[in-house]
Amino acid sequence: MLRGQVQAQQRRAASKATGAVAGDVCVRRAVSGARASQPLAAAAPSRATAAPRRRALRAAAAAVAAERAVVGPNPYAQPAGKGLGFYTGEDGFLYCDNMRVDDIRAQVKDSPFYLYSRDRITANYRAYQKALEGLDSIIGYAVKANNNLKIVQHLQGLGSGAVLVSGNELKLAIAAGFDPSRTILNGNGKLPWELELAASAGCLVNVDSEFDFDNIAAAARKVGKKVKVLLRINPDVDPQVHAYVSTGLASSKFGIRNSHLQWFLDAIKAEPMVELVGVHSHLGSTITKVNIFRDAAVIMCDFIKKINDEGFKLTYLNIGGGLGIDYTHNPSTKLPSPTDLIDTVRDIVKGLGLTLVIEPGRSMVATSCALVNTVTGVKTNGSKQFIVVDGSMAALIRPSLYDAYQHIELTAPCGGPKAVFDIVGPVCESADFLGKERELATPEPGAGLVVHDAGAYCMAMASTYNLKMRPAEYWVADNKLATIRRGETLDDHLRLFEGL
Ligand SMILES: Cc1ncc(COP(=O)(O)O)c(C=O)c1O
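The name an unreviewed UniProt entry gives the chain is diaminopimelate decarboxylase, with Raphidocelis subcapitata as the organism. If you open the UniProt record of the chain and go to Pathway (unreviewed entry), you find "Amino-acid biosynthesis; L-lysine biosynthesis via DAP pathway; L-lysine from DL-2,6-diaminopimelate: step 1/1." Reading the Catalytic activity (unreviewed entry) entry of the UniProt record for the chain gives the comment "meso-2,6-diaminopimelate + H(+) = L-lysine + CO2".

Here it is as structure tokens:
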């Protein structure tokens, strides 16, 4: 049975058990530890209704047990206050590590806000570290996924390298204390000042095109430092992802023209300030099948052999970004782990005595975070129902940009009638939605609503469109809540015009 069907069965059974009827609305209980809000009709069951309710409760429990038997324990549910990252406690409330999200909402003045679990980030990093045991490797955290300084510093402290796509990201990485020899500057349009900074800092640099090579060589000569480079090659393997996050096909704007490889090898041989140390490929993001990485690695190794036959001695195979994540929150979904991924390329890398570089962004931070919103109201246009929240496409654009699904739920148990809603923000665009056609209990204004898996490509892509200022960021660390970035204010915006 599909999870949705199991849930629907549970809901039907549970609503029979509680006697919930259309018209019950969610009442947020102020008392800590309260069970799911109960419709008033359920508060004092009569003798006549008690037996059918008991039967219905047993049916609901059986449905839960049946689901567990099929899919194993639900990773998105844990004992209250005992889990890691975001999960629903057995009291029905949403938690971030040991803290109830609603208690955090009561402490934090801003809404919406981004909330992270620092320990979840650590666990995500450790999973890659463990997967790479026994291999020479660099984990280069892709800063583009989330450039919060505190998060970047945390990953640096765990031993990560950094993968950068702009001079400012490089400056941030330097400020965060990264060892430049474990950083890589990527990009199809690197500017001279960015390349000069990379050359003087001693970063590895990817060569993306003929003009990019000329600019790298010029930067190396200008700062008087030899630059170690990797050739970005498109293995032309289909990553089977959304076109906007597919980057390794022959038609991509990234990477060199493979048929022009010899031009690059000759140019590098003739340029004493540039040293070729490896090859790089990045197929795309959100990849969930490890054989795709293997297919690309095999092709890349053929390139390495061909290049070494020309007298080079390459040391790095960079396989680009990491794995996709389970945005669906379907407990029966089983995605590959970092160990599954690395094990598919381990023999190839070992065989050639290479250092493996992997550049995970999404899988390092996405699951550590939720965008926490407050419900402004519920409305209908006659055919559709909407939950209007204070967060929007300005704070989190992935659904509008890629039609991406991010799981949405209320932060507290809610006895309101279930309905199918579009969850929308207040921004003046029809594209302003956070989720479409989600079945949720009808919330009251003021209820908390989260968009899950918001740690990657969410805050990093936020804008101030409609002057909705970029939200504050918090994390739970050492069992406490801490601010890791202040929310932007209108004064920050007005300051840009001072003295003009
Ligand atoms: C060159 C490069 N490396 C790494 C990444 C990170 O990919 P992901 O977030 O899927 O791990 C990206 C993102 O698209 C990228 O462009």
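Turning to the overall build of the chain, a few remarks are in order. Along the chain, the regular secondary structure elements total 14 helices and 21 strands. Of all 500 residues assigned to the chain, the portion counted as buried reaches 51%. The contacts in the chain between residues at least 6 apart in sequence include a share of 70% that link residues at least 24 apart. Carbon and sulfur atoms make up 53% of the accessible area of the chain, which amounts to about 22000 Å² in all.

Our next topic: the pairing of strand 15 (residues 385-389). Burial within strand 15 is extensive, with 4 of its 5 residues counted as buried. Remark: 4 residues form the turn of the hairpin made by strand 14 (residues 369-380) and strand 15, two consecutive strands paired antiparallel; Gly-382 in that turn has positive phi of roughly 105°. The pairing of strand 15 with strand 17 (residues 418-424) spans 4 bridges and is classified as parallel. Looking across to strand 17, one finds that Val-388 is bridged to Val-424.

The subject of this paragraph is the layout of surface pockets. In this model, the second largest pocket occupies a volume close to 830 Å³. Looking at the second largest pocket, it is lined by 28 residues, and the ones nearest its centre are Tyr-76, Arg-120, Asn-124, Asp-326 and Thr-367. Per-element accounting of the lining of the second largest pocket gives the leading share, 4 residues, to helix 4 (residues 118-131). The residue inventory of the lining of the second largest pocket, partitioned by class, reads 13 nonpolar, 11 polar and 4 charged.

Time to look at the sheet that holds strand 12 (residues 316-318). Backbone-to-backbone hydrogen bonds pair the strands of a sheet. The strands run either parallel or antiparallel. Strand order around the closed barrel formed by 8 strands is 6-7-8-9-10-11-12-13, with parallel pairing between neighbours. Going from strand to strand, the sheet's axes swing by 30° on average, the running direction of each strand aside. For strand 11 (residues 274-280) and strand 12, the ladder comprises 3 bridges, and the chain directions are parallel. Within the sheet, the bridge partner assigned to Gly-278 lies in strand 12 and is Tyr-316.

A separate point is helix 9 (residues 261-269). All of the buried residues in helix 9 are Leu-261, Phe-264, Leu-265, Ala-267 and Ile-268. Buried positions in helix 9, seen along its axis, are confined to an arc of 165° and lie on one side of it. Buried-residue contacts for helix 9 involve strand 9 (204-207), helix 8 (210-223), strand 10 (227-232), strand 11 and helix 10 (290-308).

For the rest of this paragraph, the subject is the sheet that holds strand 2 (residues 86-89). A sheet is described by the order of its strands in space; here 4 strands give the open sequence 1-2-3-4, paired in mixed fashion. Since the sheet does not close on itself, it has two edges, and those belong to strand 1 (77-78) and strand 4 (99-100), each with one partner. The pairing of strand 1 with strand 2 spans 2 bridges and is parallel. Looking at strand 2, one finds that Ala-77 is bridged to Thr-88.

UniProt annotation of "active site" (unreviewed entry) refers to Cys-428 when read in the numbering used here. In this fold, Cys-428 is placed in the loop between strand 17 and strand 18 (433-441). Overall, Cys-428 belongs to the exposed group, its relative accessible area being 62%.

Turning our attention to the environment of Asn-206. Structurally, the position occupied by Asn-206 is in strand 9. Each C-alpha atom, one on Asn-206 and one on Leu-276, is 9.7 Å from the other, the two residues being 70 residues apart in sequence. Setting aside anything within four residues of it in sequence, one finds Asn-206 in contact with Ile-184, Leu-185, Asn-186, Lys-190, Asp-212, Ile-216, Leu-230 and His-280.

The ligand sits among 13 residues. The nearest are Ser-285, Gly-322, Glu-359, Arg-362 and Tyr-457. At 3.0 Å from an oxygen atom of the ligand is found a side-chain nitrogen or oxygen belonging to Lys-144. Taking Tyr-457, its side chain carries an N or O atom lying 2.5 Å from an oxygen atom of the ligand. Coverage of the ligand by the protein amounts to 95% of the 400 Å² it exposes when considered alone. Considered class by class, the residues forming the shell around the ligand number 3 nonpolar, 6 polar and 4 charged.

Basis of the calculations
Residues numbered from 1 in each chain as written. Predicted model: local features only at pLDDT ≥ 70, side-chain atom pairs only at ≥ 80, totals over all residues. Heavy atoms only, no water. UniProt positions renumbered as here; feature names shortened; annotations may be inferred. Helix = DSSP H or I, 4+ residues; strand = E, 2+ residues; numbered from the N terminus. Buried < 20%, exposed > 50% of the residue type's maximum accessible area, 1.4 Å probe, protein only. Contact = heavy atoms within 4.5 Å. Areas by Shrake-Rupley, 256 points an atom, 1.4 Å probe, with all protein chains shown as cover. Pairing = 2+ DSSP bridges. 1 Å grid on protein atoms, 1.4 Å probe; cavity = no way out; pocket = protein on both sides within 12 Å on 5 of 7 lines; lining within 4 Å. Points joined across faces, edges and corners; volume = space filled by probe spheres on them. Nonpolar A, V, L, I, M, F, W, Y, C, P; charged D, E, K, R; others polar. Axes fitted to C-alpha atoms, helices over the stretch in contact; angles between N-to-C directions. Arc of directions from axis to C-beta. Near = heavy atom within 4 Å. Polar contact = N/O pair within 3.5 Å; in protein donor to acceptor, adjacent residues only side chain to side chain.

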